[in-house]
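Observations on the model geometry
Residue-level listing of the chains:
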Amino acid sequence: ERRIGRKPRRVPHYDAPAPSSAAEAIAQGEDAADQERHRLGLLHTPAANVVELVASQGIGVAAAPLQDGLTCLFLRVQQIGSMIAVNSTCDEVQRRFVLLHAYAHVLFERGAVLRASKPSSAGELIAKRATAFANAFLLPEAGVREMLTSLGKGQPSRKGFVVLDAATDEST
């Protein structure tokens, strides 16, 4: 961007310590997704085009066939910025998820980074955090609840109920 005369965009950094448990990783990812959706003005609405959204943050995005079961590559070089390459052999839904997974690494990690994501790394805590971010970004809880409510769903399915005493099989 500097070479073509544009002022580089500053992607936010979510300063969280490295997660020490899966629960902490998930909480960090979900919290950051909520904050990022608010920062971008999405609130609870669907993100229509995540490629444009991520690119609008000054991050290079490309799709290319990647080898060895890789779903994406994330690269950050101080002088150049950040770049995400998504495996073009993934279907469209998976590419959206994988792109947001990599975007989480952009938001949490600093310095020069080269990270390759593949299914076998899913157990790593930073990968769990990125997965939680992508899930929460694509399907924010409040947005899902709003949609269910608008469809008349998500409410108790029975108006009345009977409680049985386990010892006597009689209603109480």
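**Side note on the overall build of the chain**
- Helix and strand counts for the chain stand at 5 helices and 4 strands.
- When the helices and strands of the chain are listed from N to C terminus, the series reads α-α-β-β-β-α-β-α-α.
- Per-residue burial over the chain gives 32% buried out of 172 residues.
- A sequence separation of at least 24 residues applies to 62% of the contacts in the chain between residues at least 6 apart.
- When the accessible surface of the chain is split by element, carbon and sulfur atoms take 55% of a total near 11000 Å².

**A look at the nonpolar core**
- Counting 29 residues, the largest nonpolar core has V54, I84, Y103, F133 and F137 as its most contacted members.
- Within the residue set of this core, elements represented by two or more residues are α1 (22-39), α2 (50-55), β2 (72-77), β3 (81-87), α3 (92-108) and α4 (125-138).
- The greatest single-element share of this core, amounting to 9 residues, is contributed by α3.
- Excluding residues within four positions of it along the chain, Y103 makes contact with E36, R39, V54, Q57, I59, I84 and F133.

**Quick look at the side chain of H101**
- You can see H101 is positioned in helix α3.
- The class of H101 is buried, set by a relative accessible area of 9%.
- Ignoring sequence-local partners within four residues, the contact set of H101 consists of S117, A127, A130, T131 and A134.

**A few points about the environment of R10**
- Along the chain, R10 turns up in the segment before α1.
- Remark: the alpha-carbon pair of R10 and G81, spanning 71 residues in sequence, is separated by 9.8 Å.

**Notes on the packing of aromatic side chains**
- Within the structure shown, the criterion is met by 3 aromatic pairs.
- Ring centres of Y14 and F108 lie 6.3 Å apart, and the angle between their planes is 50°; on these two criteria the pair is classed as tilted. Taken together, the residues span a long stretch of sequence, with Y14 in the segment before α1 and F108 in helix α3 at a distance of 94 residues. Note on accessibility: Y14 and F108 belong to one class, buried.
- A connected cluster of aromatic rings, assembled from ring pairs, spans Y103, F133 and F137.
- Here the basic side chain of R129 rests over the ring of F108, its NZ or CZ set 4.0 Å away from the ring centre.

**Re the sheet that holds strand β1 (residues 60-64)**
- With respect to topology, 4 strands assemble into an open sheet ordered β1-β3-β2-β4, the strand pairing being mixed. The open sheet has two edge strands with one neighbour each: β1 and β4 (113-117). Each strand of the sheet is rotated relative to its neighbour by a mean of 15°, with strand direction disregarded.
- In terms of strand pairing, β1 meets β3 through 5 bridges, oriented parallel. In the strand pairing of β3, A62 is matched with A85.
- Here α3 sits on the sheet in contact with β1, β2, β3 and β4, set at roughly 155° to β3.

Cut-offs applied
- Just so you know, the residues in each chain are numbered from 1, in the order the chain's sequence is written.
- Local features in this predicted model are restricted to residues of pLDDT 70 or higher, and side-chain atom pairs are both shown and tallied only at a pLDDT of 80 or more, whereas totals for entire chains, interfaces and linings draw on every residue.
- Note that the side-chain values use all heavy atoms of the structure and ignore hydrogens as well as water.
- The helix count covers DSSP runs of H or I at least four residues long, the strand count covers runs of E at least two residues long, and both are numbered beginning at the N terminus.
- Here the term buried applies to any residue with accessible area under 20% of the maximum for its type, exposed to any over 50%, and partly exposed to those in between, with areas from a 1.4 Å probe on protein chains only.
- The contact criterion used is simple: two residues touch if any of their non-hydrogen atoms lie within 4.5 Å.
- Each accessible area is a Shrake-Rupley result for a 1.4 Å probe, and residues are judged covered by the shown protein chains and nothing else.
- Put simply, a nonpolar core is a bunch of buried Ala, Val, Leu, Ile, Met, Phe, Trp, Tyr and Cys residues held in one set by side-chain atoms that sit within 4.5 Å of each other.
- Between the rings of Phe, Tyr and Trp (Trp by its six-membered ring), a pair exists once the centres lie within 6.5 Å; its type follows the angle of the planes, with under 30 degrees stacked, over 60 edge-to-face, and the other angles tilted.
- A ring is scored as having a charge over it whenever the NZ atom of a lysine or the CZ atom of an arginine sits within 6 Å of its centre and within 35 degrees of its normal.
- A pair of strands is labelled paired if DSSP reports no fewer than 2 bridges between them.
- Whenever a helix is involved, its axis is fitted only over the stretch in contact; in every case the axis is a line through C-alpha atoms, and angles between N-to-C directions fall within 0 to 180 degrees.

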